[in-house]
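One letter stands for each residue in the lines below.
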Amino acid sequence: MDIWISKIGYYFLNVGIVLVYGLLLGAFIAKTMARVQGRIGIPIYQPFIDILKTFTKRQAISHGIMFNLGPAFRLAGGLGTLAFIPVIYGNEMFSNFSAAGDLLLVMYFIFFGQLGMALGSGESGHPYAAMGIGRGLAQMTAYEVPFTLAVVAIFIQYDTSSITEIVAAQQGSIWNWTLFTNPLAVIAAMIAFLGMAAYPPFDVAMAPNEIPIGPPTEFHSHFLSMMQMNRAIFAGAKLILFMNLFFGGATGLIELVFKTWAIYMVAILVGAAFPRFRTEQAVRFFLGVPMLIGIASVLYIQYWAQ
Amino acid sequence: MTDKNDYPTLANADLIDAERSLFCDARPVPYEPYPVDFVEKFANWVRANSLWVLAFGTGCGAIELNPLMTSRFDANRYGIQMRPTPRQSCVIVVAGYSSVKTLKRIIRSYEQMQGPKFVLGLGICSLNGGMYWDSYNTIKRIDQYIPIDLYVTGCMPRPEALLAGFIELKDKIKAGQCDGTNRYVKDFDWYKANQKKVIKNWDMPDYNW
C-alpha cells in the first residue's frame, strides 16, 4: 500500500515537471522564432501567465455536459499517456506506472484524448469545430498507420511491449539505440511524429486563418486553461515516449531535456520549411511512402535482422 | 432604467417563434471580483499581461492592427496576441468608423466574449464620428452601444499610438479600473435600447450568449 502512495506522489511530481517543461519548451521555441524574425518575442514565462489568465476569467458559459467533459477527457488523455511512460530510466521516482504491456495502453491513451475532445467540440455546435474534428481525426487515423507499424516492428525486435524493457535493451552503447538497430522503424515513426506535433505541414486541423482554430473554437475560460495544460503535458509525454522507444531513453534530467528538445526541433524545422497540406493530401502522404517504410521495417526486423 | 428583477428573462421578441427556443433568454449577470483583495490584484496583473485581441477588423483602422505583430512593432513582447475567436479573446478593438451593419457584428462578437473583457476605441471616428460626423449609416459615438475602456484618437493613429494605447489599457486593468463588462450588464436596457434604435433588422436574440 505504501508503495502505491509513494508511486502516486511521484507521478504527480512527474506531471508537474513535464507540465513546466512542456510550457517552457513552447515558450523557448516561440522566443527562438521571434529572434530569427528580429523580434524580442514573448517573455519566457508568458505561457504560465496565459494559463492563469484563462483560469481567472470570471464568466464561462457552457453548451452542455459533453462540452464540460471534453477538456476533462483531453486532460485525462495527456495524464494517462504520461502515467505509463517511464520518464527517466532506472530511477524509481521517475518510472511512473510502467509495467508489462504499457506501450499498448499508451497508444490507446494517445487516441483517447482526441476522441473525448471530438465529443466535447461536437456539442459546442460550432460548424468550424466540427470541420476541425473531421480534419483532425482523418489525419490522426492516417498517421497512426506508420506509427503503429513502427511500434509493431519494435515489438518484434525487443520481444516485449514494456517501455522500460525496451529502454533497457537500448542501454550500453549509442549503437544499441533503435535509431541504429532498426532505422526504418524510426523513419516511419518520426514522419508520424510530424503529424502528431500538429506543426506545418500537418496543422490543417487547427488552421487559425480559415477555421478559427478548429476544435477549440468555442472553448474558453477554465475549459481552455485545462486544454492549454494538456497541450504541454501531452507534448512532453509524446516526446518522452519517442525518446524511450527510438533514442535510448534518458538516465538523467539533462539527457532528457537535451534529447526531447532535439526531437521537438525536428518538427519545428520541418514546419518552418514546408507549407500546409490539405487533409486529403496529408492522408495520401501518410498512407504512401511512410506506410511502405513502416511495412519494410516490420519485414526487415522479422526476416533480415535476426 | 428598468429594474432587473422585473424581467428575469429576455423577451427575444425579434426572433420568429420557431427560432425562439433555440436561443438562451437569460439576462447577463455581473461577475463578482475575488473576495480576497490580494487575489483580485494578482488576477488583474495576470489579465493585463495576457491581452488576447479579437482579430476582427471593424473598419479602416484594422489596417493598423496588423503591423503590431511584425518585427518592427512586436506587440508579442507585451503579452498581446491575436485570437481568431471571440470566445477566447479579452480585448476587442473598434478600429475606426463602424457602419450600422458592422455594429451588429461588433455587438454579437462583444457579447460572446467572456468577462472580464475590454474594449479599445481606435481613431477619432469611434469617439465622435470624425470625418463621418454627418454620414447616414455610420455610428457616431460607439460608447452608446458598447462600453469603451480606452480611446486612442487620431485619423489614423499610427501603430505606435495603438501600442501606447495597449500599454495604457494594461495600466488601467492593473489598477482595476476597467469595469466595462459589469457596466454593460448594469445598464443593459439602456445599451439595448440604443442598439435597437439604429439596427433595424434585429434578427438575433437580445443577448448573444
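Preceding this section is the structure that the text describes.
For clarity, every value in this text was computed on a predicted model and none was experimentally measured.

## Description of empty space enclosed by the protein
Residues and elements named next belong to chain A.
Stage number 1. The full count for this structure, using the stated rule, is one cavity of 30 Å³ or more.
Stage number 2. There is about 30 Å³ of room inside the largest cavity.
Stage number 3. Residue lining of the largest cavity: K7, Y10, Y11, E92, M93, S95 and N96, and that is the complete set.
Stage number 4. In the lining of the largest cavity, the residues fall into three nonpolar, two polar and two charged.

## Here's the deal with the side chain of N244(A)
Stage number 1. By the element assignment, N244(A) lies in helix α9 (residues 221–246).
Stage number 2. Excluding residues within four positions of it along the chain, N244(A) makes contact with I85(A), P86(A), I163(A), I166(A), V167(A), Q170(A), G249(A) and A250(A).

## Some remarks on the packing of aromatic side chains
Stage number 1. What the rule picks out here adds up to 30 aromatic pairs over all chains.
Stage number 2. Ring plane angle 70 degrees and centroid distance 5.5 Å describe the contact between F285(A) and F286(A), whose orientation is recorded as edge-to-face.
Stage number 3. By relative accessible area, F286(A) is classed as buried at 0%.
Stage number 4. By way of ring pairs, the aromatic residues Y110(B), Y184(B), F188(B), W190(B), Y191(B) and Y207(B) are connected into one cluster.
Stage number 5. For the cation-ring pair, K53(A) lies above W52(B), with the distance from its terminal atom to the ring centre recorded as 4.1 Å.
Stage number 6. The side chain of R58(A) reaches across the aromatic face of Y34(B), ending 3.9 Å from its centre.

## Re the interface of chain A and chain B
Stage number 1. Facing the 32 residues of chain A at the interface are 33 residues of chain B.
Stage number 2. A buried area of about 2700 Å², summed over both sides, lies between chain A and chain B, and 55% of it is on carbon and sulfur atoms.
Stage number 3. Connecting chain A to chain B are two salt bridges.
Stage number 4. With a closest N to O distance of 2.9 Å, R87(B) and E218(A) form a salt bridge.
Stage number 5. Put simply, the parts of the chain that give the side of chain A that touches chain B at least two residues each are α2 (46–55) and α9 of chain A.
Stage number 6. With seven residues, α2(A) is the single largest residue contributor to the side of chain A that touches chain B.
Stage number 7. The residue inventory of the side of chain A that touches chain B, partitioned by class, reads 14 nonpolar, twelve polar and six charged.

## Side note on the packing of helix α3 (residues 65–83) of chain A against helix α4 (residues 102–124) of chain A
Residue and element names in this part refer to chain A.
Stage number 1. Contact pair α3 / α4: the axes reach a minimum separation of 7 Å and the direction vectors enclose 165 degrees. Between α3 and α4, the crossing angle belongs to the class labelled roughly antiparallel. The hand of the α3/α4 crossing is left-handed. Listed contacts from α4 to I65, M66, F67, G70, F73, R74, A76, G77, G80 and T81 of α3 are V106, F109, I110, F112, G113, Q114, G116, M117, L119, G120, E123 and S124.
Stage number 2. A breakdown of the residues in the contact of α3 with α4 according to their chemical character gives eleven nonpolar, nine polar and two charged.

Calculation notes
Each chain has its residues counted from 1, following the order in which its sequence is written. Lettering of chains starts at A and numbering of ligands starts at 1, both following the order in which they are written. Note on the predicted model: pLDDT of at least 70 is required for a residue's local features to be given, and 80 or more for side-chain atom pairs to be given and counted; whole-chain, interface and lining totals, by contrast, use all residues. Just so you know, side-chain values use all the structure's heavy atoms and leave hydrogens and water out. Think of a 1 Å grid over the protein atoms and nothing else: a 1.4 Å probe that fits but is trapped marks a cavity, an open set flanked by protein within 12 Å on at least five of seven lines marks a pocket, and residues with an atom within 4 Å of a point count as lining. Grid points are joined across faces, edges and corners, and a volume is the space filled by probe spheres set on the points. Under this grouping Gly is polar, as are all residues other than the nonpolar Ala, Val, Leu, Ile, Met, Phe, Trp, Tyr, Cys and Pro and the charged Asp, Glu, Lys and Arg. Where helices and strands are cited, they refer to DSSP runs of H or I of at least four residues and of E of at least two residues respectively, numbered from the N terminus. Contacts were defined at the residue level, with two residues in contact if any of their heavy atoms lie within 4.5 Å. Between the rings of Phe, Tyr and Trp (Trp by its six-membered ring), a pair exists once the centres lie within 6.5 Å; its type follows the angle of the planes, with under 30 degrees stacked, over 60 edge-to-face, and the other angles tilted. Throughout this description, buried means an accessible area under 20% of the type-specific maximum (1.4 Å probe, protein chains only), exposed means over 50%, and partly exposed covers the range between. Whether a charge lies above a ring is judged from NZ of Lys or CZ of Arg, which has to be within 6 Å of the ring centre and within 35 degrees of the ring normal. Here's the idea: put two parts together, see how much 1.4 Å probe accessible area each one loses, and the total over both is what we call buried area. The salt bridge definition used is simple: a Lys or Arg side-chain nitrogen within 4 Å of an Asp or Glu carboxyl oxygen. Structural elements are reduced to axes, namely lines fitted to C-alpha atoms, with helices fitted over the stretch in contact, and the angle between N-to-C directions of any two is expressed from 0 to 180 degrees. Convention used here: angles under 35 degrees read as roughly parallel, angles over 145 as roughly antiparallel, angles from 65 to 115 as roughly perpendicular, and any remaining angle as oblique. Should the near helix be turned anticlockwise from the far one by less than a right angle, the crossing is left-handed, and should it be turned clockwise, the crossing is right-handed.

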